[in-house]
Amino acid sequence: MVQFDEKLYFYLLGLIPVLFLLFLLVQVWKRSKQREFANARMLKRLAPEKSRFKASLKLIMLLSGITFLVLALVNPKIGTKLETVKREGVDIVFAVDVSKSMLAEDIAPNRLEKAKRLVSQIINQLASDRIGIIAYAGQAFPQLPITTDYSAAKMFLQSMNTDMLSSQGTAINSAIDLASTYYNDEEQTNRVLFIVSDGEDHSEGNTLEALEKAVSQGIKVYTIGVGKIKGAPIPIKRNGVVESLKKNQEGEVVISRLNESVLTQIAATGNGSYVNGANTEDAVTFIKEELDKMDKKEFEAKQFAEYKDQFQWFLGIAIFFLFLDIFLLDRKTKWLKKLNLFNEHDNS
């Protein structure tokens, strides 16, 4: 397991293509000026010891030194000890709606991005709970199984989009059924499912059946509403530019609205609560309070307990390359000259 202390320094790697481009420009300029002064044969006679490849070699040394120096500044750490630790928490699954209606922009920047931001903020408030993520539209797809790796959860969360599932629609029952398979600990007393959606449900009858099954397994279902009741059209974009708005079979623009009544009914049937996600801070605070009320179950989790700094290795290599660059002269090296590996001189 590798961690980076200061990821911001990775931006310094942008200096490498800039320096390479400057080197090429300088070489072109130097050759242009040299041709104005004398032809190639005359220049070779005037500076017989000048190497044609040393300038490129020095550049490679300099860029290598900078690369390893940046890695030293980032300070990679390697986990050296994997331990099994005991933690207390709740098993939580987030089912995020990725249907096309989540592209509606009645809440900035759009419903899906708002949903992802809400889930991310909830994860930030967790301490030792296990979490899983499901994406659903016309069907449900397991995005991340139950884990304690919050960083991985956020990474998978950010990759979610409305094109990841070919089957469109909004089948909340599929999300509930799939979530039921996530809780594999029979002794786990607190199992929580958060459905983050605008409330459009094309399988209402099946949803109630799925809810009853989930409740019988001890799962509490909470719903988080994303969007506004007045609704908004669903934009169809290409390369970030709106080409048109989604229309129905009659050619009328579809207005997608937040259906709070459906979400409230789901939460009530699932022994949970409904919260409007318009205000992120209020929604996250409410959810945190709900989770804090629940009894925590002790479970075991494996994690890296010790990390050792590795910057010294990269710093040492960086200094080595920079010293080579400093002491590497532009004139030919005698023993290389004898080998004539680069065909830098002839016998004529």
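Below is a summary of the structure that appears in this document.

The rules behind each value
Sequence order as written defines the numbering, with residues in each chain counted from 1. The model is predicted, so local features are restricted to residues of pLDDT at least 70 and side-chain atom pairs to those at 80 or more, both for listing and for counting; the totals for chains, interfaces and linings are taken over all residues. Computation of side-chain values: all heavy atoms of the structure, hydrogens and water removed. Strands were regarded as paired on the criterion that DSSP finds at least two bridges between them. Comment: elements are numbered from the N terminus, with helices defined as DSSP H or I runs of at least four residues and strands as E runs of at least two. Interaxial angles span 0 to 180 degrees and are taken between N-to-C directions of axes, which are lines fitted to C-alpha atoms, for helices over the stretch in contact. It only takes one pair of heavy atoms within 4.5 Å for two residues to be counted as in contact. Put simply, a salt bridge is a Lys or Arg side-chain nitrogen that is within 4 Å of an Asp or Glu carboxyl oxygen. To sort residues, take the accessible area from a 1.4 Å probe on protein chains only and compare it with the maximum for the residue type: under 20% means buried, over 50% means exposed, and anything in between is partly exposed.

Describing the sheet that holds strand β5 (residues 140-147)
Spatially, β5-β4-β3-β6-β7-β12 is the arrangement adopted by the six strands of the open sheet, whose pairing is mixed. Of all the strands in the sheet, just β5 and β12 (274-276) have a single pairing partner and so form its edges. Across the sheet, the axes of successive neighbouring strands diverge by a mean angle of 15 degrees, strand direction being ignored. Against the sheet, helix α9 (residues 280-293) engages β3 (91-97), β6 (191-197), β7 (219-225) and β12, with an angle of about 155 degrees to β12.

What to know about unusual backbone geometry
Following Ala 108, the chain continues into Pro 109 via a peptide bond in cis, with omega recorded as -10 degrees. With respect to the helices and strands, the residue Pro 109 is situated in the loop between β3 and α4 (111-125). You will see that Asn 75, though not glycine, has its phi angle at about 60 degrees, which is positive. Here Asn 75 is to be found in the loop between α3 (54-74) and β2 (76-89).

Side note on the pattern of salt bridges
All chains considered together, the criterion is met by nine salt bridges. Measuring nitrogen to oxygen at the nearest pair gives 2.7 Å for the salt bridge that ties Arg 130 to Asp 91. In this pair, Arg 130 is assigned in strand β4 (residues 130-136) and Asp 91 in strand β3, connecting sequence segments 39 residues apart. On the accessibility criterion, Arg 130 (12% relative accessible area) is buried. According to the relative accessible area criterion, Asp 91 is buried, its value standing at 1%. Close ionic contact of Asp 163 with Lys 100 constitutes a salt bridge, the shortest N to O distance being 2.7 Å. Highlighted residues: Asp 163 in the loop between α5 (150-158) and α6 (172-180) and Lys 100 in the loop between β3 and α4, separated in sequence by 63 residues. In this structure Asp 163 comes out as exposed when scored by relative accessible area, which is 60%. For Lys 100, a relative accessible area of 26% translates into the label partly exposed. Members of the salt-bridge network, linked through shared partners, are Asp 106, Arg 111 and Asp 198.

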